[in-house]
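If you want the building blocks of each chain, they are given just below.
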Amino acid sequence: MTVRDTTPADATAVYRLLTGFATSHRPDRTVFDDVTFPRIIEAAAAGRAEFLLAEHDSRVIGYLLALRLPTLFAGGTVLELLELTVDAAVRGRGTGSALIRAAQSRARAAKDIEVTVPTRRAADFYRGLGFHETAAYLKWSTT
Ligand SMILES: CC(C)(COP(=O)(O)OP(=O)(O)OC[C@H]1O[C@@H](n2cnc3c(N)ncnc32)[C@H](O)[C@@H]1OP(=O)(O)O)[C@@H](O)C(=O)NCCC(=O)NCCS
């Protein structure tokens, strides 16, 4: 299994994984193709995001999206992990861990101060990779 940067050619594979991951919003392929996917590719190219793919035998089996946020409180950038999913058929084989370790090493290379992740589904998974609880995460929706 290898971890690499996502490219525009990976759109269909990422969309397939996204439809299994998203719970609070239903993905729309037109919005994905025209707006969200290219915007994230652009952010990653500019160093404002990490958009990583895990691949096995030329098949995409997981992706990770994290945004690099400038902050005052931390005295530098914080890498916030927003999306991580592994194909249900191959979970429990180290793919999620490999994606997180790759993001952690990108964070070190970029001199981010910390990596954060809001999650309610997989806290123990993150604890196993060195994360600890620090804050509650609240949400206000515009719609
Ligand atoms: C969470 C997820 C990305 C983990 O990917 P994975 O490839 O299965 O993870 P790994 O095989 O690297 O697992 C590493 C360890 O974490 C544990 N683990 C995996 N998923 C877990 C979860 N949801 N909750 C608690 N522990 C979990 C594994 O059992 C394993 O433990 P071990 O080292 O004692 O064997 C994957 O289960 C997934 O896509 N879940 C649905 C989407 C999701 O919840 N994403 C995270 C939201 S931010």
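Residues numbered from 1 in each chain as written. Predicted model: local features only at pLDDT ≥ 70, side-chain atom pairs only at ≥ 80, totals over all residues. Heavy atoms only, no water.

Colleague: For this particular structure, what's the right way to read the pattern of salt bridges?
Modeller: Side chains carrying opposite charge are able to pair once their charged atoms draw close together. Tallied over the full model, the rule gives 11 salt bridges. Residue arginine 106 is joined to aspartate 5 by a salt bridge in which the shortest nitrogen-to-oxygen separation is 3.0 Å. Note that arginine 106 is positioned in helix H3 (residues 95–109) and aspartate 5 in strand S1 (residues 2–5), a separation of 101 residues in sequence. Residue classification places aspartate 5 among the partly exposed positions, given a relative accessible area of 39%. For arginine 68, the salt bridge identified is with glutamate 50, shortest N-O distance 2.9 Å. In this pair, arginine 68 sits in strand S3 (residues 59–70) while glutamate 50 sits in strand S2 (residues 49–56), placing the two residues 18 residues apart along the sequence. Overall, glutamate 50 belongs to the buried group, its relative accessible area being 7%. Three or more residues are tied together by salt bridges with common partners; here these are Asp5, Glu50, Arg68, Arg106 and Asp112. (Salt bridge = Lys/Arg side-chain N within 4 Å of Asp/Glu carboxyl O. Helix = DSSP H or I, 4+ residues; strand = E, 2+ residues; numbered from the N terminus. Buried < 20%, exposed > 50% of the residue type's maximum accessible area, 1.4 Å probe, protein only.)

Colleague: Honestly, helix H2 (residues 29–45) in this entry has me stumped. Any pointers?
Modeller: Residue pairs three or four apart in sequence face the same way in an α-helix, which turns once every 3.6 residues. When the terminal C-alpha atoms of H2 are compared, their 22 Å separation across 17 residues agrees well with the 24 Å that a helix rising 1.5 Å per residue should span. Its axis deflected by about 35° at threonine 36, H2 carries its strongest bend there, up to four residues before the proline proline 38. Listing the buried residues of H2 in full gives Phe32, Phe37, Ile40, Ile41 and Ala43. Two to three positions downstream of the cap, the backbone nitrogen of threonine 30 sits 2.9 Å from a side-chain oxygen, assigning the N-cap of H2 to aspartate 28. Following H2 by one or two positions, glycine 47 adopts a phi angle in the positive range, close to 85°. (Expected span 1.5 Å × (residues − 1). Bend = angle between axes of the 7 residues up to and from the residue. Polar contact = N/O pair within 3.5 Å; in protein donor to acceptor, adjacent residues only side chain to side chain.)

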